[in-house]
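# Examination of the molecular architecture
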Amino acid sequence: MNIVNIIEKKKDNKVLNEDEITYAVNGYVMGIISDAQMASLLMAICINSMNEEETYYLTKAMIESGDVIDLSSISGIKVDKHSTGGVGDKTTLIVAPIVSSCGVSVAKLSGRGLGHTGGTIDKLESIKGFKSNLSEEEFIKQVKEIGIVDAEQTKDIVPADKKIYALRDVTGTTRSIPLIASSIMSKKIAAGADKIILDVKTGSGALITDFEESLNLAKMMVFLGKRFNKETIALITDMNEPLGCSIGNALEVKEAIKTLEGHGDKRLTNLCITISSYMISMGKNISLQEAQMQAEEAFKSKKALNKFKEFVKYQHGDINNIKEAKNSYDVHANYEGYIRDIDETCLANECLYMGSGRVNKDDVINYGVGIIIKKHIGDYVKKGDVLATIYYDDKKVNDKNVEKSFILSDTKDNGFPLVYTIIR
Ligand code: URA
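Residues numbered from 1 in each chain as written. Predicted model: local features only at pLDDT ≥ 70, side-chain atom pairs only at ≥ 80, totals over all residues. Heavy atoms only, no water.

A count of helical and extended segments in the protein gives 16 helices and 13 strands. For the protein, the C-alpha radius of gyration of 21 Å lies close to 22 Å, the compact-globule estimate for 424 residues. Expressed as lengths along the three principal axes of its C-alpha atoms, the size of the protein is roughly 65 × 45 × 40 Å. Relative to its full complement of 424 residues, the protein shows a buried share of 57%. Of the accessible surface of the protein, which amounts to about 17500 Å², a share of 48% is contributed by carbon and sulfur atoms. In the protein, the 54 positive side-chain charges and the 59 negative ones have mean positions that sit 3 Å from each other. (Helix = DSSP H or I, 4+ residues; strand = E, 2+ residues; numbered from the N terminus. Rg over C-alpha atoms; globule rule 2.2 N^0.38 Å. Buried < 20%, exposed > 50% of the residue type's maximum accessible area, 1.4 Å probe, protein only. Areas by Shrake-Rupley, 256 points an atom, 1.4 Å probe, with all protein chains shown as cover. Lys, Arg positive; Asp, Glu negative; His and termini not counted. Charge placed at Lys NZ, Arg CZ, Asp CG, Glu CD.)

Right, here's the structure in full:
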């Protein structure tokens, strides 16, 4: 087999077969295929895409590049959740304890943030002492003992994705449905859960901004789930405004706790109850209605809050010791009107500038910094009102950028729906 012929074939918009796809993935992992060759193939895939079968073979080859976690010794149905990523997305921190406290085991591997969208592991590590690198034995033991674990993905799970993702990141080949679908689903399937729920974000702050494209991504991932015999449901949810009020690792953990205490943002709370209901329904084989009642009860009774505390403590975190920024100040409005839109990518980039995430892979995170949004879509703003509070250490944000992130209109807008559609 010859990689140049495979690249040419995809460049000519022809369908690759299983052997060709497996050869390309294995060859790249083993170092036989160079970065330049893989980047050419990825670009050809970005331009000409892949059909379902090709994407299935790509996902399969990626899974087979590493270990698959065996969760069969844990009783019951294990359900995993994945979000395609968005600004201020702290749903996992809320959903996982709700679902676990309803008796469905959550065995989750999460990632770190790169660029303007955050990662769950970075958020959890803003809690002093939190241990995210667990061995497979520790991971399984924890699920058996307390029904919930969230750990960092090890280097042995889908090593092909690690290498390919890093290359995609620097070659303009991130936004491609077969590449995103295979990257996410290979990791989900290798993580060993029986069933998977996907939160596919759409809108200005999402990886995929266009609704039709988000729909195609969701359909492709549900197809892959089925091909690997994992029941998979995808919710397409809105990412046109930040989820909840906070952006930044420690601030998001604090907001998750506040939400579990019952004092959270309504939109965020509703989304978490919706996702939890699907997970509980799948995990217990009960109706969605019954599952929603259980989710709401776990939430209201604080069973979910207690489960979150138990989980953090088990992974050595001190919930009373969450990192904080040294300083804070308010940004005020210089105008009047209804908020029609919020440019969450701009706000996230300001957080990134203050150190909340990594621009380069090895950057050190400043966990305490971030922004709390005080006004939401549909709110009326008067001159002098506080739009946002900035938490910073040494680098301040550009206030003008924060101000102009709140986009005004003369008339009140009802905002965006929370869940657009569900793909099964
Ligand atoms: N998340 C992933 O894990 N992979 C992608 O390609 C995009 C988002």
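For the rest of this paragraph, the subject is the layout of surface pockets. Over the atoms rolls a probe the size of a water molecule, and in doing so it shows where empty space is left. Of the volumes computed, that of the second largest pocket is approximately 190 Å³. Lining the second largest pocket are Cys245, Ser246, Leu251, Lys254, Glu255, Lys258, His263, Gly264, Asp265, Ile372 and His376. For the lining of the second largest pocket, the leading source of residues is helix H11 (residues 249–260), giving four residues. The residue inventory of the lining of the second largest pocket, partitioned by class, reads three nonpolar, four polar and four charged. (1 Å grid on protein atoms, 1.4 Å probe; cavity = no way out; pocket = protein on both sides within 12 Å on 5 of 7 lines; lining within 4 Å. Points joined across faces, edges and corners; volume = space filled by probe spheres on them. Nonpolar A, V, L, I, M, F, W, Y, C, P; charged D, E, K, R; others polar.)

On to the domain arrangement of the protein, then. It is common to give the size of an interface as the accessible area lost on bringing the parts into contact. Entries for the protein in the domain assignment read domain 1 (3–48), domain 2 (78–314) and domain 3 (327–409). Each of domain 2 and domain 3 has a C-alpha centre, and the two are 25 Å apart. Put simply, domain 2 and domain 3 have one salt bridge between them. For the salt bridge of Asp122 with Arg358, the shortest nitrogen-to-oxygen distance reads 2.8 Å. Scanning the region where domain 2 abuts domain 3 turns up nine residue pairs in polar contact (both at pLDDT 80 or more). Per-element tally for the side of domain 2 that touches domain 3: the top contributor is H11, with three residues. Considering only residue class, the side of domain 2 that touches domain 3 consists of eight nonpolar, 11 polar and five charged. (Domains from an automatic or database assignment. Salt bridge = Lys/Arg side-chain N within 4 Å of Asp/Glu carboxyl O. Polar contact = N/O pair within 3.5 Å; in protein donor to acceptor, adjacent residues only side chain to side chain.)

This part takes up the site of the ligand. Around the ligand, the neighbouring residues are Tyr165, Arg168, Ile180, Ser183, Ile184, Lys187 and Leu207. Between an oxygen atom of the ligand and a side-chain N or O atom of Arg168, the distance comes to 2.9 Å. Residue Lys187 places a side-chain N or O atom 2.4 Å away from an oxygen atom belonging to the ligand. Elements represented by at least two residues in the shell around the ligand include exactly helix H8 (159–170) and helix H9 (177–190). (Near = heavy atom within 4 Å.)

Right, let's talk about helix H15 (residues 344–354) for a bit. The buried fraction of H15 amounts to eight of the 11 residues, a majority that puts the element mostly inside the structure. Buried within H15 are the following residues: Glu344, Cys346, Leu347, Ala348, Glu350, Cys351, Leu352 and Met354. On its buried face, H15 is in contact with strand S6 (246–247), strand S8 (337–342), strand S9 (370–373), strand S11 (386–392) and helix H16 (399–404). Looking at where H15 begins, the residue whose side-chain oxygen comes 3.3 Å from the main-chain nitrogen of Thr345 is Asp343. Gly355 lies just past H15 and shows a positive phi near 110 degrees. (Contact = heavy atoms within 4.5 Å.)

Enumeration according to the criterion identifies 29 salt bridges in this entry. With a closest N to O distance of 3.1 Å, Glu54 and Lys10 form a salt bridge. Of this pair, Glu54 sits in helix H4 (residues 52–63) while Lys10 sits in helix H1 (residues 3–11), and the two are 44 residues apart along the sequence. Like Lys10, Glu54 is buried. Through salt bridges with shared partners, a single ionic network connects Arg112, Asp122, Glu125, Glu152 and Arg358.

What follows concerns the sheet that holds S9. Sheet strands pair via backbone hydrogen bonds, and the direction of the pair is either parallel or antiparallel. Read across the sheet, four strands follow the order S6-S9-S11-S7 without closing on themselves; strand pairing throughout is antiparallel. Two strands lie at the open edges of the sheet, namely S6 and strand S7 (327–332), each paired on one side alone. The pairing of S7 with S11 spans six bridges and is antiparallel. If you follow Tyr329 over to S11, its bridge partner there is Ile390. Most of the contacts of H15 go to S9, to which it runs at about 145 degrees, and overall it touches S6, S9 and S11. (Pairing = 2+ DSSP bridges. Axes fitted to C-alpha atoms, helices over the stretch in contact; angles between N-to-C directions.)

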